[in-house]
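This is what each chain is made of:
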Amino acid sequence: MKKQKKILITALIVIVFAVYFIEGYISNHCLTVSSYETEYEQLPEEFDGFTIVNVADLHNALFGEGNSQLLEQIDKAQPDIVVLGGDMMSYGTVNFKRVFLLMEKLAEKYEVYYIFGNHEQNIRVANMLYVIQEAERMGINVMLNDSVAIERNGEKIMLHGLCQYKKSYRDPYYREPSYYEFSLEEMNEMLGSASDEYVDVLLAHNPLYFDIYSEWGADLVLSGHIHGGLWRIPVIDKGLVSPNEEIFPEYDAGEYIKNQAHLIVSRGLGGGSVIKPRLFNRPDLVVVTLTSGNPSN
Ligand SMILES: [Fe+2]
């Protein structure tokens, strides 16, 4: 009986480790695409079907040689613009070759807009300036609290790139206080007002303040940062923990709607490691298509 118990416990340990490593491998390497459609009555005809790809939280991950698999999936989506949604590298990165190669390939084909995540904000200042300089040399629009109008045949939508204070992330690793609340006043100081007339697309790495983004007047918010909760609980499909160590974070992945605003949170593409892999949480490329809901367009 004792021997049988020993065998059973050993078998259980082997199964747990096997799942951990096999699922860890899948969740760190097998790319998936999440597609969404968001509808706006006021969307001009020229933008019906306008497609945005969000490359979020890459953290230097590689999908095929030269990120060929990632590029292939982006090409398949036939985007009108590509967004680099923050944390393309990690705070300790000193070699940017891999990320720059991907950015260069994207910039050759697409209009690319880049917002910073907390990791870009935490790399050495000289490196941060280097990243900005290289991105701009490639023709990428680095949006550090900037707004631009995207125009098509005289019609337009607005694109806003938010770069919040580092303390907004409430990350205990950087000794950021957990009580900090981003406010509407700060948002207005950073970006000015949202437009009344046009569809306002907000790029905000951190989804934590969706209430504020919605109150500000965003129609579509593209976020990441939470990495899908790193480990997702199968069946209920809920993320376990956020980078600010919140258990079962509210905005962990997918689409959320508040008033007029749609928030789409990418589970991110990287952010796992051998010791702390993503689990049941495949790398996530987000594709969003804007529609007017008018079948005659
Ligand atoms: Fe982040």
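Our subject is the structure that appears above.
Residues numbered from 1 in each chain as written. Predicted model: local features only at pLDDT ≥ 70, side-chain atom pairs only at ≥ 80, totals over all residues.

1. Concerning the overall build of the chain
Consideration 1: Of regular secondary structure, the chain possesses seven helices and 14 strands.
Consideration 2: Here the chain has a C-alpha radius of gyration of 20 Å; the compact-globule value for 297 residues is 19 Å, and the two agree.
Consideration 3: Overall, the chain is about 80 × 45 × 40 Å in size when its C-alpha atoms are taken along their principal axes.
Consideration 4: The proportion of buried residues among the 297 residues of the chain is 43%.
Consideration 5: Sequence-distant contacts, at least 24 apart, represent 72% of the contacts inside the chain between residues at least 6 apart. (Helix = DSSP H or I, 4+ residues; strand = E, 2+ residues; numbered from the N terminus. Rg over C-alpha atoms; globule rule 2.2 N^0.38 Å. Buried ≥ 20, exposed ≤ 12 C-beta atoms within 10 Å, placed from the backbone. Contact = placed C-beta atoms within 7 Å.)

2. Observations regarding the sheet that holds strand β13 (residues 261-265)
Consideration 1: What the six strands build is an open sheet, ordered β6-β7-β8-β9-β13-β12; its pairing is mixed. In this open sheet, the two edge strands, each paired with only one partner strand, are β6 (146-152) and β12 (254-258). Taken pair by pair, the neighbouring strands of this sheet meet at an average axis angle of 20 degrees, ignoring direction.
Consideration 2: Bridging between β12 and β13 involves five bridges; their strand directions are antiparallel. In the sheet register, Glu 255 faces β13, and the bridge partner there is Ile 264. (Pairing = 2+ DSSP bridges. Axes fitted to C-alpha atoms, helices over the stretch in contact; angles between N-to-C directions.)

3. Describing the pairing of strand β14 (residues 284-291)
Consideration 1: Taking burial as the measure, the eight residues of β14 include six buried ones, the bulk of the element.
Consideration 2: Relative to β14, strand β1 (residues 32-39) is paired through eight bridges, and the arrangement is parallel. Residue pairing in the sheet places Thr 32 in a bridge with Asp 284 of β14.
Consideration 3: Sheet topology places strand β2 (residues 51-55) next to β14; four bridges connect them, and they run antiparallel. Bridge assignment links Thr 51 to a residue of β14, and that residue is Thr 289.

4. Things to note about helix α3 (residues 97-109)
Consideration 1: Its 13 residues place the ends of α3 19 Å apart at the C-alpha level, agreeing with the 18 Å of an ideal helix rising 1.5 Å per residue.
Consideration 2: In this fold, the buried residues of α3 make contact with β3 (81-84), β4 (111-114) and α5 (125-137). (Expected span 1.5 Å × (residues − 1).)

5. A short note on the sheet that holds β2
Consideration 1: Spatial strand order, β1-β14-β2-β3-β4-β5: six strands in an open sheet with mixed pairing. In the strand order of this sheet, the two ends are held by β1 and β5 (141-142), each with one partner.

6. Remarks on the environment of Gly 229
Consideration 1: For Gly 229, the position within the fold is in the loop between β9 (220-223) and β10 (232-233).
Consideration 2: C-alpha separation for the pair Gly 229 and Arg 267, spaced 38 residues apart in sequence, amounts to 7.8 Å.
Consideration 3: Residues in contact with Gly 229, not counting those within four places in the same chain, are Lys 238, Gly 239, Leu 240, Val 241, Ser 242, Pro 249 and Asp 252.

7. Re the environment of Leu 71
Consideration 1: Residue placement: Leu 71 occurs in helix α2 (residues 68-77).
Consideration 2: The spacing of Leu 71 and Tyr 114 is 43 residues in sequence and 16 Å in space, taken between C-alpha atoms.

8. Thoughts on unusual backbone geometry
Consideration 1: The phi dihedral of Asn 153 falls on the positive side, at around 50 degrees, and the residue is not glycine.
Consideration 2: For Asn 153, the location among the structural elements is in the loop between β6 and β7 (155-161).
Consideration 3: Located in the positive-phi region is Leu 230, a residue other than glycine, with phi close to 60 degrees.
Consideration 4: As for its position among the elements, Leu 230 is in the loop between β9 and β10.
Consideration 5: For Leu 230, a count of 22 C-beta atoms within 10 Å corresponds to the buried category.

9. Comments concerning the environment of Glu 245
Consideration 1: Along the polypeptide, Glu 245 turns up in the loop between β11 (238-239) and β12.
Consideration 2: Once the C-alpha coordinates of Glu 245 and Pro 172 are considered, the two residues, 73 residues apart in sequence, prove to be 7.8 Å apart.

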